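Spelled out from the first residue to the last, the chains are:
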Protein chains: 2
Amino acid sequence: MFTGLSAFPLTPLTETGIDETAFAALVGRLAAAGVDSIGALGSTGSYAYLTREERARAARIAVEHGERTPVIVGIGALRTRHVLEVAEDAQNAGASGVLLAPMSYQPLTEDDVFGLFEDVTAHLSVPLVVYDNPRTTHFTFTDELYARVAELPRVSSVKIPGVPADPAAARARVQRLRQILPEAVTVGVSGDGLAATGLNAGCDAWFSVIAGTFPEPALTITRAAQSGDAERARAESRRLQPLWDLFAQYGSLRVVAEAAAHIGLTSPHSLPLPLRGLEAEERARVVEVLEDLRPRA
Amino acid sequence: MFTGLSAFPLTPLTETGIDETAFAALVGRLAAAGVDSIGALGSTGSYAYLTREERARAARIAVEHGERTPVIVGIGALRTRHVLEVAEDAQNAGASGVLLAPMSYQPLTEDDVFGLFEDVTAHLSVPLVVYDNPRTTHFTFTDELYARVAELPRVSSVKIPGVPADPAAARARVQRLRQILPEAVTVGVSGDGLAATGLNAGCDAWFSVIAGTFPEPALTITRAAQSGDAERARAESRRLQPLWDLFAQYGSLRVVAEAAAHIGLTSPHSLPLPLRGLEAEERARVVEVLEDLRPRA
């Protein structure tokens, strides 16, 4: 489950809650495209902004509309007790795995984070992905902490925030991770712009933002890398460079939200306030990039 | 209300919820000591970790046990809708004011934050303190944004994260804030170690962590500065320097939680997991500093 392409859909919101029709369609689209897993309620799925009830409901919709595709559900929360509650709900909804980022308000110590993973994995019956995303959690894992956490039961994958852009350095980084992690624990790259580099360097999985809205080009990259065609993976990633540039400039969430609205997958303004959509000029730039890529995206 | 000493108590937790007896006693102690306001559910009060129900309950307890002392209630949340809910609850509980920090998961833009304050103040009937705490929110206000937000209705004070350590630079900074803020909006310093410097430099208020657990030394500093005895304020702050050093090293929350437990105000382990208490050695250091300060703290 924690290999290949894991696609993270948006959780589109309305004034009053989840836009269930749009969310079900987004998930169904990913299953139909043949992604290897669906990452519901990731950062792209706005898990951090939703109530327990909304998260439970979204998990059920994802499992139902994901059909036979395994669904991984994000269970992060600021407080351990709330993580345990949403983990229980995700499992009851039929999640095949869960994804846990150490969200923070007060800065966390390594021992806080280890304790969190220890407490959560002790109550879990499905596999867990360790989610390292310093941009949103403001916590940075050390390799030592990766190794400690990866020894815990149920830990099956580590979602790393990226790899060095240089292919040789990326290979060295992935090799280093292999040395410190148990053999059964997979390494998944995120940060879409470096995913081809990561997969070519030996990452087992790509936890992908773009695949949640546009699965095809992400599948092209993943299948090429998996078959050893590093150049094809690189070329497709290069073609998408204007999109990676927008991600870097505005954040991937706001860009894919805009893109999903543009192609009619969601209503406009589907992000949770206080997150506003892009300004008119920024939106125009996203549309322009999408139109340029359209032949194959 | 937004002048003088505002004391921020802990919200001690048990395995199952708020330790209501301990919290009521903490609040009552502040009212009895004669602080100018009580800041319930600030960062020190762990607002970010509590459920809506727990926050509503804590707000009621604070108002009840704060007696005639005005109570300011923290209303921050990641999602605007949840801020509006807890703001409603705080007002229904009898809060005299509210305190709003732009909590973040996805990085926020200036327009996101302005929009948040615009939406919240439009629904508010009590005064609001703008709470700037980059260490926990990972959002940094510009002076331009301070000025924009301070023009909104109900905005009555800005809680700044600190002032420069140099007294002349601190004075210049406070003068600059006076220039950009409407006259009726007060400036409150936080970051306890620089509070005497801030008050001496002309800040109207001190939003204080230490005062939530040890109101007396904070009152000594505040009253001295208010009466123009800058040297006395400085001297008392200097006496407490070992405590400020511990705050810098371990974070003020973990230190005051340890201190409150040591003097019997709370049970040990009253912080919300994943936040762990200090290690044995760190705890011993806190106790040592407290014992040294005891004659007057």
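Residues numbered from 1 in each chain as written. Chains lettered and ligands numbered in written order. Predicted model: local features only at pLDDT ≥ 70, side-chain atom pairs only at ≥ 80, totals over all residues. Heavy atoms only, no water.

Enquirer: Explain the relation of the copies chain A and chain B residue by residue, including any values.
Expert: When chain A is brought onto chain B, the operation consists of a screw motion whose angular component is 180° and whose axial shift is 0.0 Å, with 0.0 Å RMSD remaining. Both copies are brought into coincidence by an operation consistent with a two-fold rotation axis. Residues of chain A ranked by C-alpha distance from the rotation axis are headed by His 138 of chain A, positioned 4.0 Å from it. (Least-squares fit on C-alpha atoms with pLDDT ≥ 70 in both.)

Enquirer: Requested: an account of helix H6 (residues 143–150) of chain A, with residues and values cited.
Expert: Listed in full, the buried residues belonging to H6 of chain A are Asp 143, Leu 145, Tyr 146, Val 149 and Ala 150 of chain A. Seen end-on, H6 of chain A carries its buried residues on one side only, within an arc spanning 160°. (Buried < 20%, exposed > 50% of the residue type's maximum accessible area, 1.4 Å probe, protein only. Helix = DSSP H or I, 4+ residues; strand = E, 2+ residues; numbered from the N terminus. Arc of directions from axis to C-beta.)

Enquirer: Lay out the pairing of strand S4 (residues 97–100) of chain A with the relevant residues and their values.
Expert: On any regular strand, side chains alternate: one points to one face of the sheet, the next to the other face. All names here are of chain A. The alternating pattern of S4 places Gly 97 and Leu 99 on one face and Val 98 and Leu 100 on the opposite face, and all of these are buried. Pairing between strand S3 (residues 71–74) and S4: 3 bridges, direction parallel. Residue pairing in the sheet places Gly 74 in a bridge with Leu 99 of S4. By the bridge criterion, 3 bridges tie S4 to strand S5 (residues 128–131) in an arrangement that is parallel. Within S5, the position partnered with Val 98 by the bridge is Leu 128. The parallel pair S4 and S5 is bridged by helix H4 (residues 110–121), and the resulting crossover is right-handed. (Pairing = 2+ DSSP bridges. Right-handed = clockwise from strand over helix to strand, strands pointing away.)

Enquirer: Outline the interface of chain A and chain B, listing residues and values.
Expert: Contacts between the two partners involve 41 residues from chain A and, on the opposite side, 40 residues from chain B. Both faces considered, chain A and chain B share a buried interface measuring about 3,600 Å² in area, 49% of it formed by carbon and sulfur atoms. For the interface between chain A and chain B, the tally reads 8 salt bridges. With a shortest N-O distance of 4.0 Å, Arg 81 of chain B and Glu 54 of chain A are connected by a salt bridge. Linking chain A with chain B are 27 residue pairs in polar contact (both at pLDDT 80 or more). Contributions of two or more residues to the side of chain A that touches chain B are made by helix H3 (80–93), H4, helix H5 (134–137) and helix H12 (252–262) of chain A. In terms of residue count, H4 of chain A provides more of the side of chain A that touches chain B than any other element does, 5 residues in total. Looking at the side of chain A that touches chain B residue by residue, the classes come out as 17 nonpolar, 13 polar and 11 charged. (Contact = heavy atoms within 4.5 Å. Buried area = accessible area lost by both parts, 1.4 Å probe. Salt bridge = Lys/Arg side-chain N within 4 Å of Asp/Glu carboxyl O. Polar contact = N/O pair within 3.5 Å; in protein donor to acceptor, adjacent residues only side chain to side chain. Nonpolar A, V, L, I, M, F, W, Y, C, P; charged D, E, K, R; others polar.)

Enquirer: Tell me about the nonpolar core, residues and numbers included.
Expert: In terms of nonpolar packing, the biggest core is built from 225 residues, with Ile 75, Leu 128 and Leu 243 of chain A together with Ile 75 and Leu 128 of chain B touching the most fellow members. In this structure Leu 243 of chain A touches Ile 210, Val 255, Val 289, Leu 290 and Leu 293 of chain A, once residues within four positions along its chain are discounted. (Core = buried A, V, L, I, M, F, W, Y, C linked by side-chain atoms within 4.5 Å.)

Enquirer: Could you give me a rundown of the sheet that holds strand S7 (residues 186–189) of chain A, with the residues and numbers involved?
Expert: Residue and element names in this part refer to chain A. Read around the barrel, 8 strands follow the order S1-S2-S3-S4-S5-S6-S7-S8 and close on themselves; strand pairing throughout is parallel. Taking each pair of neighbouring strands and ignoring which way they run, the sheet shows an average axis angle of 25°. Against the sheet, H4 makes contact with S4, S5 and strand S6 (155–160), and its axis sits at roughly 165° relative to S5, the strand it touches most. (Axes fitted to C-alpha atoms, helices over the stretch in contact; angles between N-to-C directions.)

Enquirer: How would you summarise the pattern of salt bridges if you had to cite specific residues and measurements?
Expert: This structure, assessed with the given rule, holds 34 salt bridges over all chains. A salt bridge links Asp 119 of chain A to Arg 276 of chain B, with the nearest nitrogen and oxygen atoms 3.4 Å apart. A residue pair is termed interchain when its members come from two chains, as with Asp 119 of chain A in helix H4 and Arg 276 of chain B in the loop between helix H12 (252–262) and helix H13 (280–293). Of the residues examined, Asp 119 of chain A reaches a relative accessible area of 23% and is grouped as partly exposed. For Arg 276 of chain B, a relative accessible area of 27% corresponds to the partly exposed category. Residues Arg 148 of chain B and Asp 111 of chain B are paired through a salt bridge, measuring 3.4 Å at the closest nitrogen-oxygen approach. One end of the pair, Arg 148 of chain B, is in helix H6 (residues 143–150); the other, Asp 111 of chain B, is in helix H4 (residues 110–122), with 37 residues separating them in the sequence. Arg 148 of chain B sits in the partly exposed class, given a relative accessible area of 34%. By relative accessible area, Asp 111 of chain B is classed as partly exposed at 35%. Several salt bridges share partner residues, and in doing so they unite Arg 52, Glu 85 and Asp 89 of chain A into one network.

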